[in-house]
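# A structural walkthrough
Below, each chain spelled out in residue letters.
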Amino acid sequence: MNEKYKILFVCLGNICRSPAAEGVMRRLAEERGAAPRLEIDSAGTYGGHRGELPDPRMRQAAAKRGLDLRHRSRPLTEEDYARYDRIVVMDDMNYEEAHRRAPSREAGERICRMREFFRRHRDRSYVPDPYYEGREGFELVLDLLEDGCEGLLETLEKEGRL
């Protein structure tokens, strides 16, 4: 298996949830020895934060868990639909927007919700935006992303992609 499996995480501004998901997935993939077989990135459906580092509150919460978030925000592009094998969105609003932008039905089939991979948080229907929340909101998001990324890795293993 020479070609990497490519995953793109998507949220609204690409400064909280999706760069954190990228960081969590990178760490889990490294821990499992799967990093060489994956390409992981993130983007946002809103481009107003283009070039910015993740929110300082998310970087601080992530650092407590050993994650160093250095991704620079970028918008979701039409090219992403051709490049990535799976586009994982954080909530229904992002899901609808990503589908609206999909250049084809086939491209839209690559989009899924993070909640589909939850194992311990099956009662949750989305990853909430912590931007207007306190510290607890960022911790909850990281808990959900750790659960979802673990589930996504398990799914990729079952599908024979790793």
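See the structure printed just above.
Let me sum up the structure you'll find in this document. Every chain is numbered independently, its residues counted from 1 as its sequence is written. In view of the model being predicted, local features appear only for residues whose pLDDT reaches at least 70, and side-chain atom pairs are presented and counted only at 80 or more, with totals across whole chains, interfaces and linings using the full set of residues. Side-chain numbers come from the whole structure's heavy atoms, not from hydrogens or water.

Each residue is placed in one exposure class: buried if its accessible area under a 1.4 Å probe, protein chains only, is under 20% of its type's maximum, exposed if it is over 50%, and partly exposed if it falls in between. Numbering of helices and strands runs from the N terminus, with a helix taken as a DSSP run of H or I at least four residues long and a strand as a DSSP run of E at least two residues long. Buried within helix H2 (residues 56-63) are the following residues: Met58, Ala61 and Ala62. Burial along H2 is one-sided: seen end-on, the buried residues are contained in an arc of 100 degrees. What points out from H2, more than 90 degrees from its buried face, is the exposed set Pro56 and Gln60. A contact between two residues is defined here by any heavy atoms of the two lying within 4.5 Å. The inward-facing, buried residues of H2 contact helix H1 (17-31) and helix H6 (135-158). Directions from the helix axis toward the C-beta atoms define the arc.

The axes of two packed helices give the description: the angle between them and the distance between them. Convention adopted: a line fitted to C-alpha atoms gives each axis, helices being fitted over their contacting stretch, and angles between N-to-C directions are expressed from 0 to 180 degrees. For the pair H1 and H6, the least separation of the axes is 9 Å and the interaxial angle reads 50 degrees. When the interaxial angle is binned, H1 and H6 end up oblique. Between H1 and H6 lies a crossing of right-handed hand. Every residue of H6 that contacts H1 at Arg17, Ala20, Ala21, Val24, Met25, Arg27, Leu28 and Ala29 is listed here: Val141, Leu142, Leu145, Glu146, Cys149, Glu150, Leu152, Leu153 and Leu156. Taken together, the residues of the contact of H1 with H6 sort by class into 13 nonpolar, no polar and four charged. To sort the angles, those under 35 degrees are grouped as roughly parallel, those over 145 as roughly antiparallel, those from 65 to 115 as roughly perpendicular, and the leftovers as oblique. Crossing chirality is assigned from the near helix's rotation relative to the far helix, an anticlockwise turn below a right angle marking it left-handed and a clockwise turn marking it right-handed. Asp, Glu, Lys and Arg are counted as charged, while Ala, Val, Leu, Ile, Met, Phe, Trp, Tyr, Cys and Pro are counted as nonpolar; the rest, among them Gly, fall into the polar class.

A few words on the packing of aromatic side chains. Any two rings among Phe, Tyr and Trp, with Trp reduced to its six-membered ring, count as a pair given centres within 6.5 Å; such a pair is stacked if its planes are under 30 degrees apart, edge-to-face if over 60, and tilted if neither. One pass over the structure, following the stated rule, counts one aromatic pair. Sitting over the ring of tyrosine 131, arginine 57 keeps its end group 5.2 Å from the ring centre. The lysine or arginine in question, arginine 113, covers the ring of tyrosine 95, its NZ or CZ lying 3.5 Å from the ring centre. Criterion for a charge above a ring: Arg CZ or Lys NZ at most 6 Å from the ring centre, at most 35 degrees from the ring normal.

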